[in-house]
Amino acid sequence: MKIVKGIKKHKDIPTSEKARVKDEIPEKLPAPAGFIIPPVERQYLKAVRQMTRAGNKFYFSDGVSKVELNVVSDAIIRIRMAPKGEFLNEFSYAISENKFHITRIDVSETREQFIIATDCVSCCISKVNLLISFLDKNDVVLNTDAQPIHFEENTQYGGYNVFCSKQYQKDEHFFGLGDKPMNLDLLGKRLQNWGTDAYDFKRGTDPLYKNIPFYIGIHHGVSYGIFFDNTYRTVFDFACQKNNRVIFSSEGGELLYYFIAGPQMINVVKRYTQLTGAHPLPPKWALGFHQSRWSYYPEKKLRVLAKTFREKKIPCDAIHFDIDYMDGFRCFTWNKRHFPDPKKMISDLHKKGFKSVAIIDPGIKVDENYRVFQEGKENNYFCQRADDYSMEGYVWPGLCRFPDFTNEKVREWWGGLFEEFIRQGILGIWNDMNEPAVFGTGTFPLDVNHHFDGFHGSHRKAHNIYGMQMARATYEGMKKLMKNKRPFTISRSGYAGLQRYSSTWTGDNRATWDHLKLAMLMIQRLSMSGISFCGSDIGGFTGKPDAELYIRWIQLGVFSPFMRVHSAGDTRAREPWTFGSGAEKIVRKFIELRYKLLPYFYSVFREHAHYHLPMIRPLCMIEQEVAPNFQRDDEFVYGDKILVAPVCEKGAKHRDVYLPGGLWYHYWEGHLVEGGKTHQVSAPRDSMPLFVKAGSVIPENPVMQFTAEIEISELTLNIFYSPYSVSSFLYEDSGDGFGYENEIYSEKKFQTHGGEDVFLIRQEIEGKYKPRYKNYRINLYGLPYPISKVKVDGRATKFRRGKTSRSILFKVNKNFRKIEVAFVS
Ligand code: MIG
C-alpha cells in the first residue's frame, strides 16, 4: 500500500480516533436480526393471476410484475413490463404523432391462454408462465417468447436490467439495426447500441454511430418487426450465444417493444416508419451532388473549386464547410482571416448554383469572451455532472461544455443560434460528433444529468438520443428561421426517429474496396431501418483511393439517396478531376446520370416522405419468398423500378446480377432480360449494371449543372414495354418550400398495359401544382411488334423511330389521359 506522506497508517491512530474513523466510514451495515435482503437475481414473470382491460390496453399481472399489451393498430401491438407493477411515465423520443386505425379487437380465453386478436395478428399470453406469442391470420407463429420476460435489479444505478428472450425459428433471418458494418443478414450476430465515434471503423466494428433498436425477422416467407423503444445501451443477440434464442436486453428503462406484423417486409418497414416518422421532403438541390472535404479553406480555394466544377461542366449543387471555417473551432463563428466576408462568398457561390452547408459540433469552447459560451453558461444550458459542476470535456476547440439537447429550452436556444448563418445564406447544417464524442474519454461520464424533456435521467439514459436531439434542435431552429424554405440537415448519430429531423452519412470510412462494399451494405441497412436519406463518404474518408475505386464509389453514390464526396484533409484530394482526364470523363458521366434521374429520385423521396416506403430496397425485400435473396445483399432496387448492381471488386470487368422475377431492361443498351435468374453482366469501368423493370415509366431531366439551372421546356418519359400491367409514379413540386402541404404538388400515376394488339399508357394527375413545361417527350422501348399508329386521347399522333428498331419517340401534351400504341396486326 502506498502511504501518502503526513497521513498516519491506520494502526498508528489512537484507539479513540479509530472509533471515530469507523463511525464515519461504516463497514457493511449488518441487517437487523431476522431481516433477509434478497440476493440480486434474475426474476422471471410467473403465472398470470389477473387480466384487466382499459380500452385498447390489457394488463396481465403475476402478483408482482405487470405486462401491458397495447393494441396500437391492426398490425402493431406494444408490449411493456413493469417489474414491480409500476409502469414508468409514458414518454418516447422515437414515436411520431401518427394515429392508427384499429378495425376490431377480439378478446378470448382458453384454459391455457388469453388471446387478443386484431384483423391481422393474434397475440397469445399463456396463463401458466406469461409467455407471449404473435401469430398471423393463418396461425403461423411469427414470434414467440422462449422464456418469460425477465429482469434483475440494478443495485448500482437503480432500475432494472431487462431481458426478452425469443425462440429462434427454423431458417429465420434478421435485418435492420441501423448502421452496422457487416452483411445484411444478422443471423449469428450479437450487437449493441451505444453511439460511438468509431473513427476508422472496420467490417464488424460494433457499436457504431447510430442506435436503432429495430429489427426485422423473416421465416417461412413471413416477415415481422420488433422495435425495442429503449434509449439505454441495448444488446441484440440473434442466435449467437444460444443458437435457439434471439435475445434483446437493456441496462435500464422499460422492457417495451412494438411488434409489427407484415407479412411483407416492405410493410413492416412502412409501419415502423409510420410509427417513428419519415424524412420530410428535402429541398430538391439536396438530392444533387455535394462536394466536401475537411476542410476547404481559405475562401479562394472554395472559389477555385466552384469555378472548376462549372468550367469542367461537372454538375454540383452543394459545397460543405468543415470545421476549419470556424474561429478556433468555436461553433457559429467564422475565421475572419480565411473568410473575411462570408455573406458575400456564400452569395457568390449561390449565384453559380452552389448551396453552402456548414458543419456544427456540440462542444462549445469554454471561453468567457465567446457569446455562445456565455449564454449557455448564464442560462444553465450545459450538461451538469451529478454533483456540483458542469460536465467538461476536450474536443476540437479544447475544453468544452455541451448543451443538453434533451431540454426544450436548450433546443430553442440552439435553433436560434443559426440566425446569422441563415442570414448569410447557409442552407444546410451538418451535425457532427453528436454520439456525443469526447477526446480521450470517448463520451460523457455516465453520471451526467439530462433534462430528458421532464423525464430526467443520467447519461446512461440520454446517451443514445443525444445526437438525435441535437439534429432536432438544428432542424427545428432552421425551419423557423428559414421561413418558407426546407432545411437540409445531416447528422452522424441518431436514435430511431432521427429521420424526422435529418439525413445521415455512414461516418469515417476508409478508401478500400471492402469499405465500398460496407457503404453499399450500410445504405441498404439504414434504409430498412427507417433512415433512407443516407450516403457514405464517396472515395473513403481516410486512405488513398485510386481512380478505379473512386469511380466505382461515385457509381454507388449516384444511387445513394445522399450523394457526397468527403475526405480527411491529410489525404489525397478527391475532386472529380483528381484522378486524370480518363477518370474525370467517367465521373462526369455518372454525376450527369444522377441529374438525369433526379425527377425519379425526387418521386421516390416523396414515396418515402408521404407513403413511408423505404427508398432503397434490398432484394430480400423485393422478393422475400426467394430464400437465396437473404444473402444477395450486393445489389438493391432504388424505389421499385431501378435495379442497381454496384461493382465493388477491384479490376472487375463484369459481375453477376440476379434479377428478381419478371422482365427487366438493360439500362444502357435497352434490351430485354429475363428475371428470376442470375446473369453475368459486363461492367467495364465506365459502366455499371443497371436494370429497369419492364412496364416502368422513368422520368428524365436533361443534364444540368445544378438542380434549378434550367426551366425545362419538356420532360422526357422513358417507357419500357411489358406484357403485363405496371404502375409508375411521378411527383413534382416547386422543389422547395412547404406548398406541398397545401396540395401545391403534382402526383402523376402512369399505368402501362401491354397486350398483343396495343400498348396502353394511362395517366392520372392529382394536386394543384402545374409544372411549366408543356409536353412530354416519350421514348418507348422494347416494342414487340411494328407500330401501325399512335393515338393520344383518341387522336392520331406522329411518331418517329428511335435509335433501335424496337423503339419509337413522340411528343404529347403533359395532360394526356390515354396513349394507345397500336401494333401492326
Ligand atoms: O474528429 O470535422 O466524421 O466527416 O470531416 C473528426 C472533421 C471530426 C468527423 C467527421 C468527419 C469530419 C471530421 N469530424
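My aim in this report is to walk through the structure given alongside it, one point at a time. (Residues numbered from 1 in each chain as written. Predicted model: local features only at pLDDT ≥ 70, side-chain atom pairs only at ≥ 80, totals over all residues. Heavy atoms only, no water.)

1. What to know about the nonpolar core
In summary, soluble globular proteins display a tendency toward joint burial of nonpolar side chains.
Point 1. One finds Trp-414 and Phe-559 to be the most contacted residues of the largest nonpolar core, which totals 194 residues.
Point 2. Considering every element that reaches this core, the biggest residue donor is helix α9 (residues 513-528), with ten residues.
Point 3. The next biggest cluster of nonpolar side chains, apart from the first, holds 44 residues, and it includes Leu-69, Ile-116, Val-121 and Phe-248. (Core = buried A, V, L, I, M, F, W, Y, C linked by side-chain atoms within 4.5 Å. Buried < 20%, exposed > 50% of the residue type's maximum accessible area, 1.4 Å probe, protein only. Helix = DSSP H or I, 4+ residues; strand = E, 2+ residues; numbered from the N terminus.)

2. So, the site of the ligand
Point 1. Among the 13 residues in the neighbourhood of the ligand, the closest are listed as Asp-322, Asp-432, Arg-492, Asp-508 and His-566.
Point 2. Interatomic distance of 2.5 Å between a side-chain N/O atom of Asp-508 and an oxygen atom of the ligand.
Point 3. Between an oxygen atom of the ligand and a side-chain N or O atom of His-566, the distance comes to 2.8 Å.
Point 4. Taken by itself the ligand offers 360 Å² of open surface, and the protein chains cover 96% of this. (Near = heavy atom within 4 Å. Polar contact = N/O pair within 3.5 Å; in protein donor to acceptor, adjacent residues only side chain to side chain. Areas by Shrake-Rupley, 256 points an atom, 1.4 Å probe, with all protein chains shown as cover.)

3. A few points about the sheet that holds strand β51 (residues 795-797)
Point 1. Taken together, the six strands give an open sheet; going across it, the order is β46-β47-β48-β54-β50-β51, and neighbouring strands pair in antiparallel fashion. Lying at the two open borders of the sheet, with one neighbouring strand each, are β46 (725-732) and β51. Strand-to-strand, the axes of this sheet are offset by a mean angle of 20 degrees, without reference to chain direction.
Point 2. Relative to strand β54 (residues 818-823), strand β50 (residues 787-792) runs antiparallel, the two sharing five bridges. Counterpart to Lys-789 in the pairing with β54 is Ala-822.
Point 3. Strands β46 and β47 (746-754) of the sheet are contacted by helix α12 (residues 598-611), whose axis makes an angle of about 90 degrees with β46. (Pairing = 2+ DSSP bridges. Axes fitted to C-alpha atoms, helices over the stretch in contact; angles between N-to-C directions. Contact = heavy atoms within 4.5 Å.)

4. Things to note about empty space enclosed by the protein
Any space left empty among the atoms is revealed by the rolling of a water-sized probe across them.
Point 1. On inspection of all chains with the given rule, the structure shows two cavities of 30 Å³ or more.
Point 2. Looking at the largest cavity, its volume works out to about 100 Å³.
Point 3. Every residue lining the largest cavity is counted, 15 residues in all, and those nearest its centre are Pro-280, Pro-282, Tyr-475, Pro-487 and Thr-489.
Point 4. Across the lining of the largest cavity, the residue classes tally to nine nonpolar, five polar and one charged.
Point 5. Considered as a void within the structure, the second largest cavity measures approximately 30 Å³ in volume.
Point 6. Every residue along the wall of the second largest cavity is listed here: Tyr-595, Leu-598, Asn-701, Pro-702, Met-704, Phe-706 and Thr-707.
Point 7. Residues of the lining of the second largest cavity, tallied by class, amount to five nonpolar, two polar and no charged. (1 Å grid on protein atoms, 1.4 Å probe; cavity = no way out; pocket = protein on both sides within 12 Å on 5 of 7 lines; lining within 4 Å. Points joined across faces, edges and corners; volume = space filled by probe spheres on them. Nonpolar A, V, L, I, M, F, W, Y, C, P; charged D, E, K, R; others polar.)

5. A few points about the packing of aromatic side chains
Point 1. All told, the structure shown has 79 aromatic pairs when counted by the stated rule.
Point 2. On the basis of an interplanar angle of 75 degrees and a centroid distance of 6.0 Å, the ring pair of Tyr-776 and Phe-816 is categorised as edge-to-face. A residue pair is termed long-range when its members are at least 10 positions apart, and Tyr-776 in strand β49 (residues 775-781) and Phe-816 in the loop between β53 (808-813) and β54 qualify at 40 residues.
Point 3. For Tyr-776, a relative accessible area of 0% translates into the label buried.
Point 4. Take Phe-816: its relative accessible area is 2%, and that puts it in the buried class.
Point 5. The cationic tip of Lys-127 hangs over the ring face of Phe-114; the distance from NZ or CZ to the ring centre is 4.9 Å.
Point 6. Stacked on the ring of Tyr-773, the Lys or Arg Lys-814 has its end atom at 5.7 Å from the ring centre. (Phe/Tyr/Trp six-rings, centres within 6.5 Å; stacked < 30°, edge-to-face > 60°. Lys NZ or Arg CZ within 6 Å of the ring centre and 35° of its normal.)

6. Topic: helix α5 (residues 371-378)
Point 1. Those residues of α5 lying buried are Val-372, Phe-373 and Gly-376. Axial view of α5: buried residues confined to an arc of 100 degrees, hence all on one face.
Point 2. Residues of α5 that are buried sit in contact with β24 (364-365), β26 (398-401) and α6 (408-416).
Point 3. Of the residues trailing α5, Asn-380 is marked for its positive phi of about 60 degrees. (Arc of directions from axis to C-beta.)

7. Comments concerning the sheet that holds strand β8 (residues 122-126)
Through backbone hydrogen bonds, the strands of a sheet pair up, either in parallel or in antiparallel fashion.
Point 1. Read from one edge to the other, the open sheet built from five strands follows the order β6-β7-β8-β9-β10, with strand pairing classed as antiparallel. One side of each edge strand has no neighbouring strand; the edge strands of this open sheet are β6 (106-109) and β10 (141-144). Strand-to-strand twist of the sheet, defined as the mean angle between neighbouring strand axes without regard to direction, takes the value 20 degrees.
Point 2. Pairing analysis gives four bridges linking β8 to strand β9 (residues 132-135), with the strands arranged antiparallel. Bridged to Ser-122 within β9 is Leu-135.

8. As for the side chain of Arg-245
Point 1. Along the polypeptide, Arg-245 turns up in strand β19 (residues 245-250).
Point 2. Of the side chains with opposite charge, Asp-237 comes closest to the buried, unpaired Arg-245, at an N-O distance of 9.4 Å.
Point 3. What Arg-245 contacts, discounting residues up to four positions off in sequence, is Ala-146, Gln-147, Ser-165, Lys-166, Tyr-168, Asp-237, Phe-238 and Ala-239. (Lys, Arg positive; Asp, Glu negative; His and termini not counted. Salt bridge = Lys/Arg side-chain N within 4 Å of Asp/Glu carboxyl O.)

9. Quick word on the pattern of salt bridges
Point 1. Taken as a whole and judged by the stated rule, the model has 53 salt bridges.
Point 2. A salt bridge links Asp-546 to Lys-650; the nearest nitrogen and oxygen atoms lie 3.2 Å apart. Pair noted here: Asp-546 is in the loop between β34 (537-538) and α10 (547-558) and Lys-650 is in the loop between β38 (642-644) and β39 (654-659), with a separation of 104 residues, a long-range link.
Point 3. By relative accessible area, which is 29% here, Asp-546 ends up partly exposed.
Point 4. Classification of Lys-650 as exposed rests on a relative accessible area of 53%.
Point 5. For Glu-747, the salt bridge goes to Arg-606, with nearest N and O atoms at 2.9 Å. Here Arg-606 lies in helix α12 and Glu-747 lies in strand β47, a separation of 141 residues in the sequence.

By themselves these figures say nothing about function.
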